[in-house]
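Close look at the chain arrangement
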Amino acid sequence: MDLKHSRSVKLNDGNLMPVLGFGTFASKEIPKSKAAEATKVAIDVGFRHIDAAYFYQNEEEVGQALRDKMADGTVKREDLFYTTKIWITFLRPELVRQCLERSLKKLGLDYVDLCIIHIPIAMKPGEELLPKDANGKFIFDTVDIRDTWEALEKCKDAGLSKSIGVSNFNHKQLELILNKPRLKYKPTCNQVECHPYLNQSKLLEFCKSKDIVLVAYSALGSHRDSSWVSSDSPYLLEDPVLMTIAKKHNQTPGQVALRYQLQRGVVVLAKSFNEKRIKENFQVFDFELTPEDMKTIDSLNRNFRYSQMALCRHSSHGSKQSSMGTGVPIAGRALDHPDYPFLEEY
Ligand code: NAP
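So, how was this worked out
- Residues numbered from 1 in each chain as written.
- Predicted model: local features only at pLDDT ≥ 70, side-chain atom pairs only at ≥ 80, totals over all residues.
- Heavy atoms only, no water.
- Phe/Tyr/Trp six-rings, centres within 6.5 Å; stacked < 30°, edge-to-face > 60°.
- Buried < 20%, exposed > 50% of the residue type's maximum accessible area, 1.4 Å probe, protein only.
- Lys NZ or Arg CZ within 6 Å of the ring centre and 35° of its normal.
- Pairing = 2+ DSSP bridges.
- Helix = DSSP H or I, 4+ residues; strand = E, 2+ residues; numbered from the N terminus.
- Axes fitted to C-alpha atoms, helices over the stretch in contact; angles between N-to-C directions.
- 1 Å grid on protein atoms, 1.4 Å probe; cavity = no way out; pocket = protein on both sides within 12 Å on 5 of 7 lines; lining within 4 Å.
- Points joined across faces, edges and corners; volume = space filled by probe spheres on them.
- Nonpolar A, V, L, I, M, F, W, Y, C, P; charged D, E, K, R; others polar.
- Near = heavy atom within 4 Å.
- Polar contact = N/O pair within 3.5 Å; in protein donor to acceptor, adjacent residues only side chain to side chain.
- Sits in = over half its atoms within 2 Å of the grid points.
- UniProt positions renumbered as here; feature names shortened; annotations may be inferred.
- Arc of directions from axis to C-beta.
- Contact = heavy atoms within 4.5 Å.
- Salt bridge = Lys/Arg side-chain N within 4 Å of Asp/Glu carboxyl O.

Further remarks concern the packing of aromatic side chains. With the rule as written, the count across this model stands at 11 aromatic pairs. Measuring from ring centre to ring centre gives 6.5 Å for F55 and Y56, while their planes differ by 70°; the resulting arrangement is edge-to-face. The class of F55 is buried, set by a relative accessible area of 13%. Arranged with centres 4.9 Å apart and planes meeting at 85°, the rings of F304 and Y306 form a pair that is edge-to-face. Overall, Y306 belongs to the buried group, its relative accessible area being 3%. In this arrangement the basic side chain of K156 is found over the ring face of Y185, its NZ or CZ atom lying 4.9 Å from the centre. Seen from the ring of Y235, R224 lies directly overhead, with NZ or CZ sitting 3.6 Å from the centre.

Below you can see the structure in the form of structure tokens.
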């Protein structure tokens, strides 16, 4: 990543991805209109990469913001890089295109720049985003993720998404796709939680060796949404080491956390619905961390994951699952799902 000459990185399919992206996920309690307002501010201050998802349930508002900013002449469609994600109730191959088409309809766009598999833990298809059985246990599904990938390849061929990729995959799941017979397109990226407390150095090295871009989410210490993140999780931006480095460069800890990712060749997302912080988060191109700063920040790693994606904070524990054939709904905890990604070291 040559930050001096470009603010984009070339993906393995030839398309360009801006290295700094704007995140649009917010808790259910936040009015959806905030996502639209914030997205417009983000585009005004210079963000061109917008990260969104079917699951966030705000693509109508975000899409309206994009269309407003195109209509007022601030940007053209080709200046924007928009990412959406296939939700886990749509991982059966016959449902993948339907999920993407729903996003496009809400957005009012003909194509997205990137479409990624949100999480490799399939759930029972249907209108419920997180389906549960009568006992409150999540109802999972078993899908061969390689079949999901083939369906996504077809979406690229149909022109619905310029690039395709994955999210929350471990290196074995990436290898499964890379080694798939008749692979047509490699994943361009793997979007994962990544910050100084979980710096993903091994996964990053693996991704670089395969020409897959690692995209960091929760780079500022996460949204802390109580459905996904425990309230006793540490506050990354209050870390004394980050604060000292920030002070030395006359920047904020948030800017240091973002710059850290850019300098190690990671594309980074930053969510804020606050105008001042949105502006601040874009000001990361005119200072540089020293090699010593980078090493010091590397040393903060403690493999701490804000979001386990365990989905078990709402479900009962204890159900044992076996890996069944494709398309068999099973109830229980994500941790027991055969495709749960975070039990692997990386
Ligand atoms: P994040 O970017 O780590 O941080 C967001 C939190 O930090 C917000 O509470 C924000 O509050 C605050 N903040 C933002 N800038 C700040 C600054 N300069 N100083 C101090 N605080 C600041 O959030 P995230 O939502 O976990 O991750 C970012 C994006 O990644 C999401 O929006 C989403 O697009 C994507 N994501 C993807 C996945 C996945 O599974 N693929 C999972 C999680 C997230 P204010 O809004 O009040 O500023």
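From this point, the discussion proceeds with the structure in view.
A few words now on the sheet that holds strand β9 (residues 189–193). Taken in spatial order, the 8 strands of this closed barrel run β3-β4-β5-β6-β8-β9-β10-β11, and their pairing is parallel. Neighbouring strand axes in the sheet, compared pairwise and without regard to direction, differ in orientation by 30° on average. The pairing of strand β3 (residues 20–23) with strand β4 (residues 49–51) spans 3 bridges and is classified as parallel. When the sheet's bridge partners are listed, G23 is paired in β4 with D51.

All right, on to empty space enclosed by the protein then. Enumeration according to the criterion identifies 2 cavities of 30 Å³ or more in this entry. By volume, the largest cavity amounts to about 90 Å³. Looking at the largest cavity, the residues that line it are N168, F169, N170, V192, Q200, L203, R305, P341, F342, E344, E345 and Y346. Its residues assigned to classes, the lining of the largest cavity comprises 6 nonpolar, 3 polar and 3 charged. By volume, the second largest cavity amounts to about 40 Å³.

Taken together, 28 residues form the shell around the ligand, and within it D51, S218, K271, S272 and R277 come nearest. Interatomic distance of 2.9 Å between a side-chain N/O atom of Q191 and a nitrogen atom of the ligand. More than half of the atoms of the ligand fall within 2 Å of the grid points belonging to the largest pocket. Listing elements by their share of the shell around the ligand, those giving two or more residues are β11 (267–271) and α9 (275–282). Residue classes in the shell around the ligand are distributed as 10 nonpolar, 13 polar and 5 charged.

UniProt records the feature "domain: NADP-dependent oxidoreductase" (unreviewed entry) for residues 20–301 in the present numbering. Helix makes up 38% of residues 20–301 and strand makes up 16%, while its end C-alpha atoms are separated by 22 Å.

This paragraph deals with helix α10 (residues 291–298). Looking only at α10, the buried set comprises D293, M294 and I297. When α10 is viewed along its axis, its buried side chains cluster within an angular range of 100° and face the same direction. Looking at α10, the residues exposed on the side facing more than 90 degrees away from the buried face are P291, E292 and K295. Looking at the buried side of α10, the elements it contacts are α7 (240–248) and α8 (253–263).

Let us look at the pattern of salt bridges. Note that side chains of opposite charge can pair when their charged atoms are close. Tallied over the entire structure, the rule returns 20 salt bridges. Between K40 and D68 there is a salt bridge, with its nearest N and O atoms 3.1 Å apart. Within this pair, whereas K40 is found in helix α1 (residues 33–45), its partner D68 is found in helix α2 (residues 59–71), the two being separated by 28 residues in sequence. K40 gets classed as partly exposed once you look at its relative accessible area, which sits at 28%. A residue is classified by how much of its surface remains accessible, and D68, at 26% relative accessible area, is partly exposed. Among the salt bridges present, the one from D144 reaches R146, with a minimum N-O distance of 2.9 Å. A relative accessible area of 23% places D144 in the partly exposed class.

For the rest of this paragraph, the subject is the layout of surface pockets. The calculated volume of the largest pocket comes to roughly 910 Å³. Around the largest pocket, the lining is made up of 43 residues, and of these S218, S222, H223, R224 and K271 lie nearest the centre. The set of elements that each furnish at least two residues to the lining of the largest pocket consists of α8, β11 and α9. For the lining of the largest pocket, the residue count by class is 19 nonpolar, 17 polar and 7 charged.

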